[in-house]
Amino acid sequence: MTSTMRAARMHNVGEPMKIEQIPVPVPGPGDVRVAVHAVNIVPNLANILGNWTTWFPLNPLPPLPAVFGLDPAGVVEEVGDGVEGVEVGDRVYVNPGRTCGACRACRNGRIVHCASYAFAGYFGFSATSVRLLDRYQGGLAEKMIAPASALVRIPDSLPFEAAARFGYLGTMYSALRKAAAGPGRSVLINGITGTLGIGAALLAPALGITTLYGTGRDRELLAEIDKLAPGRLRLHSLHDGPVDEWIAAETGGAGVDAYIDALGPGAPHETLQQGVRALARGGIAVNVGAVAGEVPLDLHRMMDMDQIVRGSVWFTPGEGQDMADMAEAGVLDLSPLRHHVFPIDEVNTAINNVGSRHGGFSNFIISPVSGR
């Protein structure tokens, strides 16, 4: 008799997920099965699932009905053939990035550039992503399968709920690395109070960032952010004037070495443009936010200033392991996150309530494991 498990599946875009009994997945060669203890509900999930074609018209969904759930953490319970270095009982975060493993980018180690790159439990980036989306479902189920190469081992000291936040935290970590953030470097984060932005404040001590500038609208949230990295942060409300003018005053006109845009959906172009204008000579701008559409930039000025503007999508399992190691060493403190935990039966309630979150501090979690 086939074993079954409980899972939340979406049958049609715009409709609530249904809690169903489906077969327990069997790990193939190179795969593992994980008992899921926590899944992060990302803030944009309600928008995407409710009106998919508006948000990502060119990105394919997994074949429906499908199990979503982007950021799972749990315990390895079965190891497939050919898997080395992973044991039953390992506590893990499962990076949702899926790759073909055979294209030129994969063979060169540039896995995020895979021609079939996909986010298991979310969406793909090309037509060929669909095969990976169909094979590897998301984490809103009691169990899931994933390639062993996608696992990040997490220490006993790190709760599953905090590990399930690695997706947005890792996105910021990868952006900071691309911006060469570290000792002696000044970094500006637009949207530091949001789910992406708060990661920079949490990571700043671990990376040795000398000065971290951050912007947001909510002054109360900015005051809470200020407590996360005492002595390192310089914060500014967008209600108090343009970002570039503030940075010019703070730096004596020199500008910042790096700028990361983490603004949310619907943010105006002007705020991003102000961040780019705040860059110093040789500065690097990295976009991980949701500002949409064609954004005019003064490319001639950027050429004269020898500046770089680039995008950054997600992060690698290796970068995820960096963060787990930082947490184990005590230099990455995720205790300020406020976990709101729901059983899988209340997944639709959690998705609908994520809009009421307390800035980036709120962490909405589904716990699929029975009895939790």
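In case you missed it, the structure is sitting above this.
The structure presented is a predicted model; accordingly, all values stated were derived computationally and were not measured. (Residues numbered from 1 in each chain as written. Predicted model: local features only at pLDDT ≥ 70, side-chain atom pairs only at ≥ 80, totals over all residues. Heavy atoms only, no water.)

1. Considering the packing of helix H6 (residues 166–178) against helix H12 (residues 317–329)
- Viewed as axis vectors pointing N to C, H6 and H12 meet at an angle of 105°, and their least axial separation amounts to 9 Å. Taken together, the axis directions place H6 and H12 in an arrangement best described as roughly perpendicular. Residues Phe-166, Leu-169, Gly-170, Tyr-173, Ser-174 and Arg-177 of H6 pack against Glu-319, Gly-320, Asp-322, Met-323, Ala-324 and Met-326 of H12.
- By residue class, the composition of the contact of H6 with H12 is 6 nonpolar, 3 polar and 3 charged. (Axes fitted to C-alpha atoms, helices over the stretch in contact; angles between N-to-C directions. Helix = DSSP H or I, 4+ residues; strand = E, 2+ residues; numbered from the N terminus. Parallel < 35°, antiparallel > 145°, perpendicular 65-115°, else oblique. Contact = heavy atoms within 4.5 Å. Nonpolar A, V, L, I, M, F, W, Y, C, P; charged D, E, K, R; others polar.)

2. Let's talk about helix H7 (residues 197–207)
- Taking burial as the measure, the 11 residues of H7 include 9 buried ones, the bulk of the element.
- Those residues of H7 lying buried are Gly-197, Ile-198, Gly-199, Ala-200, Ala-201, Leu-202, Leu-203, Ala-204 and Leu-207.
- Summarising the contacts, the buried residues of H7 are in contact with H6, strand S12 (186–190), strand S13 (211–216), helix H8 (219–225) and H12.
- Looking one or two residues past H7, Gly-208 carries a phi angle of roughly 70°, positive in sign. (Buried < 20%, exposed > 50% of the residue type's maximum accessible area, 1.4 Å probe, protein only.)

3. Some details on the sheet that holds strand S2 (residues 18–23)
- The sheet built from 3 strands is open, its strands ordered S2-S1-S4 with antiparallel pairing. The two strands at the open ends of the sheet, each matched to only one other strand, are S2 and strand S4 (66–67).
- As paired strands, strand S1 (residues 4–10) and S4 are joined by 2 bridges and run antiparallel to one another. Its bridge partner lying in S4, Met-10 is registered against Ala-66. (Pairing = 2+ DSSP bridges.)

4. Focus on the packing of aromatic side chains
- Taken as a whole, this structure holds 13 aromatic pairs when the rule is applied.
- When the ring of Tyr-213 is compared with that of Trp-246, the centres are 5.6 Å apart and the planes differ by 85°; the resulting orientation is edge-to-face. Of this pair, Tyr-213 sits in strand S13 while Trp-246 sits in helix H9 (residues 243–251), and the two are 33 residues apart along the sequence.
- Overall, Tyr-213 belongs to the buried group, its relative accessible area being 7%.
- Aromatic side chains Phe-342 and Phe-364 sit 5.9 Å apart centroid to centroid with 15° between the ring planes, which places their arrangement in the stacked category. Separated by 22 residues along the polypeptide, Phe-342 in strand S18 (residues 338–343) and Phe-364 in strand S19 (residues 362–367) bring together distant segments of the chain. The pair Phe-342 / Phe-364 is uniform in exposure class, with both members buried. (Phe/Tyr/Trp six-rings, centres within 6.5 Å; stacked < 30°, edge-to-face > 60°.)

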